[in-house]
Every structure is written in structure tokens, then in C-alpha cells.
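Here is what each chain is made of, one letter per residue.
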Amino acid sequence: MNRAKFVMGVYALAAVLAMCSIGYSVAVGSVLGIIAGIVATCVIFMTAFKMKRKLREQGLL
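This section reports on the structure supplied with the text. Computed from a predicted structure; not experimentally measured.

Basis of the calculations
Residues numbered from 1 in each chain as written. Predicted model: local features only at pLDDT ≥ 70, side-chain atom pairs only at ≥ 80, totals over all residues. Heavy atoms only, no water. Helix = DSSP H or I, 4+ residues; strand = E, 2+ residues; numbered from the N terminus. Rg over C-alpha atoms; globule rule 2.2 N^0.38 Å. Buried < 20%, exposed > 50% of the residue type's maximum accessible area, 1.4 Å probe, protein only. Contact = heavy atoms within 4.5 Å. Areas by Shrake-Rupley, 256 points an atom, 1.4 Å probe, with all protein chains shown as cover. Phe/Tyr/Trp six-rings, centres within 6.5 Å; stacked < 30°, edge-to-face > 60°. Patch = residues over 30% accessible without salt bridge, like charges linked within 9 Å, V, L, I, M, F, W, Y side chains within 5 Å. Salt bridge = Lys/Arg side-chain N within 4 Å of Asp/Glu carboxyl O.

## Details of the overall build of the protein chain
Phase 1: Along the backbone of the protein chain there are two helices and zero strands.
Phase 2: The C-alpha atoms of the protein chain give 14 Å as radius of gyration, which overshoots the globular expectation for 61 residues (10 Å, by more than 25%).
Phase 3: Considered along the principal axes of its C-alpha atoms, the protein chain spans approximately 45 × 20 × 10 Å.
Phase 4: Each of the 61 residues in the protein chain was classed as buried or not, and the buried ones make up 20%.
Phase 5: Nonlocal contacts in the protein chain, meaning residues at least 24 apart in sequence, comprise 60% of its contacts between residues at least 6 apart.
Phase 6: Carbon together with sulfur atoms contributes 74% to the accessible area of the protein chain, which is approximately 4,500 Å² in total.

## A word on the packing of aromatic side chains
Phase 1: Taken as a whole, this structure holds one aromatic pair when the rule is applied.
Phase 2: For the ring pair F45 and F49, a centre distance of 6.2 Å and an interplane angle of 35 degrees mean the geometry is tilted. Of the two residues, F45 and F49 both sit in helix α2 (residues 31-58), four residues apart, roughly one turn of that helix.
Phase 3: Overall, the relative accessible area of 34% leaves F45 in the partly exposed class.
Phase 4: For F49, a relative accessible area of 54% translates into the label exposed.

## Looking at a nonpolar patch on the surface
Phase 1: Residues V31, I35, V39, V43 and M46 make up a contiguous nonpolar surface patch of about 450 Å² in total accessible area.
Phase 2: By secondary structure assignment, the location of M46 is in helix α2.
Phase 3: Exposure remark for M46: the relative accessible area of 48% places this residue in the partly exposed category.

## A word on the side chain of S25
Phase 1: Inspection of the secondary structure assignment puts S25 in helix α1 (residues 3-28).
Phase 2: In this structure, S25 is in contact with S30, G33 and I34, ignoring residues within four places of it in sequence.

This is the structure:
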């Protein structure tokens, strides 16, 4: 597995954990946790897509 696939795997794992935090916050009833989870998910997805574009331009994907 090359470095690019490892990096994208880490981003995928982070996105899954951020989405799980939203579900956990819903179960607990924490509105602040829900909002923080949504923001974290959006930030992770944005940085992952930027990294994917950068890696594709370098020819690593």
C-alpha cells in the first residue's frame, strides 16, 4: 500500500468516527455535540477532497 492510499484511509477512518460522534451525541442529547460532530465531518471531508485532488495531480492516485 502506497502512502497516498494510507493517507486516504486515515481520512476515511476520521470521517467515520466523526459521523459516529454525531450519532452518539444524538443518543446522549447533546446539541453542542451534534453541532461539533457536523462541523468536524464537514472539515474532514473538505480536507480529504483537497488532499485527493493534490495527490491525483501528483500522479499518486
